[in-house]
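A look at the structure
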Amino acid sequence: MSAVPEAVDPQARAAAAALTERTVNCEPSVEALASKIAGGKPLRVKLGVDPTAPDIHLGHCVVLGKLREFQDAGHIAVLVIGDWTARVGDPSGRSATRPMLSHDEILANAQTFREQAFRILDPARTEVRPNGEWFGKMGLAPMFELASRATINQLLRRNDFATRMADDRPVSVLELLYPLLQGYDSVELEADVEIGGTDQLFNLMLGRDIQSRYGMPSQVVMTMPILPGTDGIQKMSKSLGNYIGVTDAPEEQFGKIMSIPDALMAEYFRLMFSREPGPTGHPGEEKRRLGRLVVAQFYGEAAAATAEEHFNRVVRDREAPTEIGEYRIDGEEVHIPALLVDALGIGSRSEARRLVTQGGVALDDDPVNDLDMPADALRGRVLRAGKRRFVRLV
RNA sequence: GGGGGGAUGCCCGAGUGGCCAAAGGGAACGGUCUGUAAAAUCGUCGGCUACGCCUACGGAGGUUCGAAUCCUCCUCCCCCCA
């Protein structure tokens, strides 16, 4: 950070410094943020969300958490629901073009997203704006005007476009438009700050350009680190199946945390619980602590404790959970594969049969070896498939 | 407008007339181990009351005793030239 020419209000500087904690970028500078804060008006802090994958997971929480910090400091969160731009599909980090979504799907997704976002954001200080609001009625003339304010050269500098071009893989014109549209959102919303993951840096920066070409002050751009998924390799995302959702059951969240690679823990602590000390003790214990923190954040301390107990009981001690569903069996002779499919949701009878053959099915603690059993031998017992699927037969 | 390449199981990717329900890898699942980490290891991985039957290799037909493999048409994708 270079020295500020004219001393910005020290209080604003302190506030800006606090708000840039854990960020990767703050462009053009922290001072720029400070002087916006010093202006005295609540800042409009924009976050664009792409409603193609509606469920919010821990990865979103890093950015949403930052937004919440802004809210707590008296600023306004502006959530842009990309209902219109989702028809285009954000090419960020993607190696291939994405499919377009129908308008109905997008709206439903956006609604889900909004509900879940309020688990973190303060609804009173949040403005939610679908960008179809302005794009829906944008004619070709304003579109041309927008298009005239950016160059292909500029757009092609973007990394994933560049690599795809180099590999002779397709880049659609529509995708090329995406950053422009996102930038235009900032114009419409008069954003003072825009936040995103580091993979959004290009788009966010383009927003600055576009704003200034429309004659308004450029937004400050802040990026947050990308939270790796539970596999520890790729970024957390629903479509990759390596995510922990905010609406996942407490036991589910705890269990997923327990299964992440050790090497990931420090990162999770740092990005999600910066006020907590990082992992120092036994990895297993520290991971438990992380799991409790995650669950507590969404469901409270009590739920966190319960989730851990559940984990101890079911996973560590291999016992049946305290609460299990019941399944009513009819008839006298029961075909076990069929039962596993009906009662425990195993994918197919063939798969169920394999489970039995491989010793993965038990009644109470006795392994099941037969494919057919009399109903009397089943009633009142707990059927278990693998480590974590249970049902009580009645 | 012309020329070329391609579409295989959840994903990647072999296979060019029978030995193919389809190699190999990844993912996933089950067993052992364990801290539901990593690593290791054994096994499974289209369906079906099942030493057999059914459905499958982009779609529809055809050739053949027999096709993922050959032919025709169609759909979609990619590349090159104009």
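The coordinates are above.
Calculation rules
Residues numbered from 1 in each chain as written. Chains lettered and ligands numbered in written order. Predicted model: local features only at pLDDT ≥ 70, side-chain atom pairs only at ≥ 80, totals over all residues. Heavy atoms only, no water. Phe/Tyr/Trp six-rings, centres within 6.5 Å; stacked < 30°, edge-to-face > 60°. Helix = DSSP H or I, 4+ residues; strand = E, 2+ residues; numbered from the N terminus. Buried < 20%, exposed > 50% of the residue type's maximum accessible area, 1.4 Å probe, protein only. Lys NZ or Arg CZ within 6 Å of the ring centre and 35° of its normal. Pairing = 2+ DSSP bridges. Axes fitted to C-alpha atoms, helices over the stretch in contact; angles between N-to-C directions. Contact = heavy atoms within 4.5 Å. Near = heavy atom within 4 Å. Polar contact = N/O pair within 3.5 Å; in protein donor to acceptor, adjacent residues only side chain to side chain.

This part covers the packing of aromatic side chains. In this structure the tally under the stated criterion is 4 aromatic pairs. Consider the rings of F135 and Y184, whose centres lie 5.7 Å apart with planes at 45°: the pair is tilted. Pair noted here: F135 is in helix α5 (residues 132–135) and Y184 is in helix α9 (residues 173–189), with a separation of 49 residues, a long-range link. You can call F135 buried: its relative accessible area is 4%. Across from the ring centre of Y243, 4.7 Å away, lies the NZ or CZ of K256, which sits over that ring.

All right, on to the sheet that holds strand β6 (residues 220–224) then. One open sheet accounts for 6 strands, arranged β1-β6-β5-β2-β3-β4; its pairing is mixed. Every other strand in the sheet has two partners, leaving β1 (25–27) and β4 (126–130) as the edge strands with one partner each. Mean inter-strand twist for the sheet, computed between neighbouring axes without regard to direction, equals 20°. Pairing between strand β3 (residues 76–81) and β4: 5 bridges, direction parallel. Looking at β4, one finds that L79 is bridged to V128.

Right, let's talk about the pairing of strand β12 (residues 382–385) for a bit. The alternating pattern of β12 places V382 and R384 and L383 and A385 on opposite faces, both of which are buried. Two strands pair when backbone bridges link them, and strand β9 (residues 361–363) and β12 are joined in this way by 3 bridges, in the antiparallel orientation. Residue pairing in the sheet places A362 in a bridge with R384 of β12. In terms of strand pairing, β12 meets strand β13 (residues 389–393) through 4 bridges, oriented antiparallel. Paired with L383 across the strands is V391, a residue of β13.

Buried residues dominate helix α2 (residues 30–38), accounting for 7 of its 9 residues. Buried within α2 are the following residues: V30, E31, A32, L33, A34, K36 and I37. Structurally, α2 contributes buried residues whose contacts are with α1 (10–19), β1, α3 (58–72), β5 (193–197) and β6. Looking one or two places after α2, you find G40, whose phi comes out positive at around 95°.

The next thing to look at is the environment of G232. Structurally, G232 is set in the loop between β6 and α11 (250–258). G232 sits in the partly exposed class, given a relative accessible area of 32%.

With respect to the helices, strands and loops of the structure, M138 is situated in the loop between α5 and α6 (140–147). Setting aside its immediate chain neighbours within four residues, M138 contacts M143, L146 and Y184.

Taken together, 28 residues lie around RNA strand B, and D262, F311, S348, S350 and R354 are the ones closest in. When atoms of RNA strand B within 4 Å of the protein are split into backbone and base, the sugar-phosphate part holds 59%. Between RNA strand B and S348 there is a distance of 2.7 Å, counted from a phosphate oxygen to a side-chain nitrogen or oxygen. Between RNA strand B and Q358 there is a distance of 3.1 Å, counted from a base nitrogen to a side-chain nitrogen or oxygen.

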